[in-house]
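# Observations on the three-dimensional arrangement
Here is how the chains run, residue by residue.
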Amino acid sequence: MISNKEIAGILSKTADLLEIKGENPFKVRAYRNAARIIENSAKDFNKLVNEGFDLTKLPGIGHDLSEYIKEIVKTGKFHKLEELKKEIPQGVAELLSIEGLGPKRVKLLYETFGIKNMDELKKYALSGELEKLPGFGPKLIEKILKGFKQLKKAGIRFLWADVENIAYEMREYLLDYKGVQIVDIAGSFRRKKESVGDLDILVIADDYQRVSDYFVKFHRVKEIYSKGLTRSTVFLDNSLQIDLRAVAKDSYGAALHYFTGSKAHNIEIRKLAIEKGLKINEYGVYKGNEKIASSKESDIYKSVGLNYIEPELRENRGEIEASRINALPKLIKEEEIKGYMCTVKDMDEVKKYIDDFVKVNKEYLILNVSNRYELINKVKTLKNSKNIKLITAAEVSVDENGDFEIPEDVLNNADIIAALMKKTELSAKDQTQRYLKVLNSKKINILLRPSLREVLTDAGVDLDWDEVFNAAYSNNVVMEVNSNPKYLDLSDILIKKAIECGVKIIITGNYKNIKYGIYQARRGWCEKKDAVNFWNYERVGKLWGL
DNA sequence: GCCGTTTTCGGCCCGACTGTTTTCAGTCG
Ligand SMILES: Nc1nc2c(ncn2[C@H]2C[C@H](O)[C@@H](COP(=O)(O)OP(=O)(O)OP(=O)(O)O)O2)c(=O)[nH]1
Ligand SMILES: [Mg+2]
Ligand SMILES: [Mg+2]
């Protein structure tokens, strides 16, 4: 069964090759746009096609692309891509991953010298032959040679949590510079995407045109890619790219909006402006030559008739329409959490989490006991002595057939049961049935690590989420959102889908990690009604019959 | 290739930085 990601990959690859061929850039954009829509969608396109859903109902997918997507789903191949691959050898498109090489230059390299991979490019660059090409001077060639090492364009990304410290270190560094008033980390970092391709940093300063000079002197800068009066790009020693944008205070709102993105969101907002006879750029909103908004982000939205949209929602996944009709979700906030849920394996962990819990001053704590059920009784004893609202969960492991055992005393002693699906290789159909068996067993309250995914990998179960979420809804099974930044399971997209199916989530994790899960829940349009550990103890008690 | 209570044709977001460009194309955010 072909995944959304695979369909998107085929369309996006086609876009790359069309672009190298010199096709109409707007056609190329249409392919990329379709790829983005599919990759971001909570709907399974394989299923949509098989059910005969009219894909042209989706904005951005018209008659042609709809047919192409059907072809891809039904055959696993796309004839246009197959033809393009015959014309343009494999390695040519890979040259696009080098910073500074776009479709035009790659085409020129291929047509002039027949360069079709990185090795050949390197050979020609070192031999000096490249300089014969129009537009290829010594500086560009030097850049290309260095560019072999850069990551961003090659699609290599970092976990959000892995760039957090360096982001704040850079912010402190910039704040130290004279006249700097505001430093915001924008881009996908501000939108809280689970992984980021780079850091995008906005600086507001008195003499903002001087900031670039200072920026590139940051001690971890290894390579300066470009440097101008209002924007610069550098690479750090760990190959992380950092983009800097510096503007005057008056443009703060417009610049923050621009630099937060996403690109697709920006384009939609700018199209709305055009319809209203306005123009939006990173400096402001303009009616003719008159600037009508610029200093506050919310004013940018207001100028095109929209309510303010939280950064986590800015992915062009329906947030603009929702904003227009006053239907944006009221997202959960970190500080509104009422109860924590942590997994414990031994008494030391139990004590540690209880100690932490007392410090954070929240209402209740759920301890999920894995492996050793005798812990449950010890935890209960502790609960009475410490006089805290403690809920005990017993973790059960589900085998390949969808069976699991809960010993009698566990059933009697644990407040709730949480199921963890053992990793198995099953067809999507069988996997779905296995999940349904568990959900319909009426014995479990929480499904842990529902998709077994891992961020930045292809890991994860293949199944029919509509069926699984519908069963979870009917049986009142809550889905875990695991806050470990390596897992973030459920993902933002599946959280959104779960919520649309009426399924509740519980955001789990220790005090350090919990925010990462909350970020993803916000990206999944999560409101208080959707997240059970944002409810008070009484309401949770009713849900689980405590 | 997509799209349309201004349109079924002719638009499609908008701007900064680089290079060898003497007026702008290519690339990128
Ligand atoms: N209007 C407009 N804005 C753009 C465009 N490309 C990028 N931006 C804005 C929105 C992006 O969120 C922001 C930062 O660009 P990035 O390439 O770093 O993308 P982003 O941070 O969203 O994702 P990333 O994780 O870095 O891949 O700049 C564009 O073509 N047009
Ligand atoms: Mg970025
Ligand atoms: Mg960037």
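Not measured: the values here are computed from a predicted model.

### Brief notes about the protein's contact with DNA strand B
- Taken together, 53 residues sit near DNA strand B, with Arg29, Gly60, Gly62, Gly137 and Lys227 positioned nearest.
- The share of sugar and phosphate among atoms of DNA strand B within 4 Å of the protein is 77%.
- Separating a phosphate oxygen of DNA strand B from a backbone N or O atom of Gly137 is a distance of 2.3 Å.
- Interatomic distance of 2.7 Å between a side-chain N/O atom of Arg270 and a base oxygen of DNA strand B.
- Its residues placed into classes, the surface near DNA strand B shows 19 nonpolar, 13 polar and 21 charged.

### A word on the sheet that holds strand S4 (residues 199–205)
- Spatial strand order, S2-S4-S7-S6-S5: 5 strands in an open sheet with mixed pairing. Taken across any chain shown, the strands that pair with only one partner, and hence form the sheet edges, are strand S2 (180–185) and strand S5 (221–227). The sheet shows a mean angle of 20 degrees between the axes of neighbouring strands, direction not considered.
- Looking at chain direction, S4 and strand S7 (residues 241–247) are connected through 6 bridges and run parallel. Counted as the bridge partner of Val203 is Ala246 from S7.
- Across the sheet, helix H10 (residues 160–175) is in contact with S2, S4, strand S6 (231–236) and S7; its angle to S2 comes to roughly 165 degrees.

### Focus on the layout of surface pockets
- As a volume, the second largest pocket reaches approximately 470 Å³.
- Considering the residues around the second largest pocket, the lining is formed by 23 residues, among which Cys342, Thr343, Glu480, Asn482 and Asn484 are closest to the centre.
- Looking at the lining of the second largest pocket, the elements with two or more residues in it are strand S11 (339–344), helix H17 (347–360) and strand S16 (478–482).
- With 4 residues, S11 is the single largest residue contributor to the lining of the second largest pocket.
- Here the residues of the lining of the second largest pocket sort into 7 nonpolar, 11 polar and 5 charged.

### Here we look at the domain arrangement of chain A
- According to the domain assignment, chain A contains domain 1 (4–153), domain 2 (158–247), domain 3 (250–324) and domain 4 (334–544).
- For domain 1 and domain 4, the distance between their C-alpha centroids amounts to 40 Å.
- Residue-level contacts link 7 residues of domain 1 with 5 residues of domain 4.
- Across the domain 1/domain 4 interface, buried area totals approximately 490 Å², and carbon plus sulfur atoms make up 45% of it.
- Viewed at the interface, domain 4 and domain 1 are joined by 3 salt bridges.
- With a closest N to O distance of 3.1 Å, Asp466 and Lys47 form a salt bridge.
- Viewed at the interface, domain 4 and domain 1 are joined by 4 residue pairs in polar contact (both at pLDDT 80 or more).
- For the side of domain 1 that touches domain 4, a count of residues per class yields 1 nonpolar, 2 polar and 4 charged.

### Points about the coordination of the magnesium ion (ligand 2)
- Looking at the magnesium ion (ligand 2), the protein donor atoms are Asp198 (OD) and Asp200 (OD), and they sit 1.9 to 2.0 Å from it.
- A separation of 3.4 Å is found between the magnesium ion (ligand 2) and the magnesium ion (ligand 3), which are bridged by Asp198.

### What about the packing of helix H1 (residues 4–21) against helix H5 (residues 79–87)?
- As a packed pair, H1 and H5 sit with axes 10 Å apart at the nearest point and diverge in direction by 45 degrees. What the angle tells us is that H1 and H5 run oblique. When you trace H1 past H5, the crossing you get is left-handed. Each of Ile10, Lys13, Thr14, Leu17, Leu18 and Lys21 in H1 lies in contact with H5, whose residues at this interface are Leu81, Leu84, Lys85 and Glu87.

### Regarding the pattern of salt bridges
- This structure, assessed with the given rule, holds 40 salt bridges.
- Measuring nitrogen to oxygen at the nearest pair gives 2.7 Å for the salt bridge that ties Asp213 to Lys227. Highlighted residues: Asp213 in helix H12 (residues 211–215) and Lys227 in strand S5, separated in sequence by 14 residues.
- Judged by relative accessible area, Lys227 falls into the partly exposed class, the value being 42%.
- Between Glu282 and Arg245 there is a salt bridge, with its nearest N and O atoms 2.7 Å apart.

### A short note on the coordination of the magnesium ion (ligand 3)
- In this structure, Asp198 (OD), Asp200 (OD) and Asp243 (OD) serve as the protein donors to the magnesium ion (ligand 3), at separations of 2.0 to 2.1 Å.
- A relative accessible area of 9% places Asp200 in the buried class.

### Quick notes on the packing of helix H20 (residues 428–439) against helix H21 (residues 465–474)
- Between H20 and H21, whose axes approach to 9 Å, the crossing angle comes to 5 degrees. The angle between H20 and H21 places the two elements in the roughly parallel class. Between H20 and H21, the residues in contact are Thr432, Tyr435, Leu436 and Leu439 and Glu467, Val468, Ala471 and Ala472, respectively.
- Of the residues that constitute the contact of H20 with H21, the class distribution is 6 nonpolar, 1 polar and 1 charged.

Rules used in this analysis
Residues numbered from 1 in each chain as written. Chains lettered and ligands numbered in written order. Predicted model: local features only at pLDDT ≥ 70, side-chain atom pairs only at ≥ 80, totals over all residues. Heavy atoms only, no water. Near = heavy atom within 4 Å. Polar contact = N/O pair within 3.5 Å; in protein donor to acceptor, adjacent residues only side chain to side chain. Nonpolar A, V, L, I, M, F, W, Y, C, P; charged D, E, K, R; others polar. Pairing = 2+ DSSP bridges. Helix = DSSP H or I, 4+ residues; strand = E, 2+ residues; numbered from the N terminus. Axes fitted to C-alpha atoms, helices over the stretch in contact; angles between N-to-C directions. Contact = heavy atoms within 4.5 Å. 1 Å grid on protein atoms, 1.4 Å probe; cavity = no way out; pocket = protein on both sides within 12 Å on 5 of 7 lines; lining within 4 Å. Points joined across faces, edges and corners; volume = space filled by probe spheres on them. Domains from an automatic or database assignment. Buried area = accessible area lost by both parts, 1.4 Å probe. Salt bridge = Lys/Arg side-chain N within 4 Å of Asp/Glu carboxyl O. Donors = N, O, S within 2.8 Å, 3.2 Å for Na, K, Ca; no water. Parallel < 35°, antiparallel > 145°, perpendicular 65-115°, else oblique. Left-handed = near helix turned anticlockwise from the far one by under 90°. Buried < 20%, exposed > 50% of the residue type's maximum accessible area, 1.4 Å probe, protein only.

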